[in-house]
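# Structural features, examined
Spelled out from the first residue to the last, the chains are:
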Amino acid sequence: MPDVIIESTPATLWIRLNRPERRNAFDPEMSAAIADALDDASGYRSVVITGSGGSFCAGGSLAKLSEPTPKEMRRLYRGSLRLFDAIRTCPRPVIAAVNGAAAGGGNELIVACDLAVAARSATFGQTGPRVGSAPVTGATNVMGVQIGEKRAKELSMLCRRYSAQQALDMGLINEVVDDDKLEATVQEWCDEISALSPRYLEITKTSSNLWWNAARDSFSSGLGMLTQAVGSPDMIEGATAFLEKRKAVFPDPE
């Protein structure tokens, strides 16, 4: 089974995450496949990222986090950062077609995308402190610009789940549509983009990356801190509880 399915129309590149058995959570290989597709997207007018199997993306794969090593975690973190950077440096508008749950790094994937349209049944939210991690590649910095600092801290710290309508109301996404109309609606957005100047859309996108670029050092330092915390009791408990489908019991603060 391929990690990513690449489809296209004459003007639009569709990137479909294809690991439904893990809710399309990405490991380093999957992140690289998505980033490679984005790097090759300049010949299209627009790009769409969506999921398969009823899920959008559950973020970084936690399969190995109950027994992590710094080497493995560096690969996962670097892969995530390369993926998000590839979205922002892609010269074409990148649209998230959110067809299901967007959690953790999957929610940050939406933060990185230029536009987002969601199915009515889609859900959103961060998971970091609940699973022994922290959402440092978008949620703790750039998301504050998009939805406001207090809302971004609510998502990042409390790890609640939000409906598509709530995500729309707070400004995380652009539109909510019935589930069976999602891909047709996104294609309409792509058709609208196709009538515009690619040259000046690229200039617009590059200029709009101001806050992303300003936060870029924060991503790197945050991932460095996460790497130093590999193997901590909080990380082991969070990942183990997630894999065992139980509530984590974290140690008291020191």
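Here is what the cut-offs are and how they apply
Residues numbered from 1 in each chain as written. Predicted model: local features only at pLDDT ≥ 70, side-chain atom pairs only at ≥ 80, totals over all residues. Heavy atoms only, no water. UniProt positions renumbered as here; feature names shortened; annotations may be inferred. Phe/Tyr/Trp six-rings, centres within 6.5 Å; stacked < 30°, edge-to-face > 60°. Helix = DSSP H or I, 4+ residues; strand = E, 2+ residues; numbered from the N terminus. Buried < 20%, exposed > 50% of the residue type's maximum accessible area, 1.4 Å probe, protein only. Polar contact = N/O pair within 3.5 Å; in protein donor to acceptor, adjacent residues only side chain to side chain. Patch = residues over 30% accessible without salt bridge, like charges linked within 9 Å, V, L, I, M, F, W, Y side chains within 5 Å. Areas by Shrake-Rupley, 256 points an atom, 1.4 Å probe, with all protein chains shown as cover. Salt bridge = Lys/Arg side-chain N within 4 Å of Asp/Glu carboxyl O. Lys, Arg positive; Asp, Glu negative; His and termini not counted. Charge placed at Lys NZ, Arg CZ, Asp CG, Glu CD.

In the nomenclature of an unreviewed UniProt entry, the protein is known as Dihydroxynaphthoic acid synthetase of Rhodococcoides kyotonense. UniProt annotates the protein under Function (unreviewed entry) with the comment "Could possibly oxidize fatty acids using specific components." UniProt, in the comment section headed Sequence similarities (unreviewed entry), describes the protein in these words: "Belongs to the enoyl-CoA hydratase/isomerase family."

With that settled, consider the packing of aromatic side chains. How two aromatic rings sit relative to each other is given by the distance of their centres and the angle of their planes. Considering all chains together, one arrives at two aromatic pairs under this definition. Ring geometry for Phe26 versus Phe84: centroids 6.4 Å apart, planes at 90 degrees, classification edge-to-face. Here Phe26 is found in the loop between strand E2 (12-17) and helix H1 (28-39), whereas its partner Phe84 is found in helix H2 (residues 70-89), with 58 residues between them in sequence. Residue classification places Phe26 among the buried positions, given a relative accessible area of 1%. Residues Trp212 and Phe219 carry aromatic rings whose centres are separated by 4.8 Å and whose planes lie at 75 degrees to one another, so their mutual orientation is edge-to-face. Here Trp212 falls in the buried class, since its relative accessible area comes to 2%.

Below, the discussion takes up the side chain of Gln126. In this structure, Gln126 sits in the loop between strand E8 (123-125) and helix H4 (142-147). Among the polar contacts listed, one links the side chain of Gln126 to the backbone oxygen of Gly104, at a separation of 3.2 Å. A polar atom in the side chain of Gln126 sits 2.8 Å from the side chain of Asn107.

Another point: a positive patch on the surface. Taken together, the side chains of Arg23, Arg130, Arg161, Lys245 and Lys247 present a region of like positive charge at the surface. Examined against the element boundaries, Arg23 turns out to sit in the loop between E2 and H1. A residue is classified by how much of its surface remains accessible, and Arg23, at 39% relative accessible area, is partly exposed.

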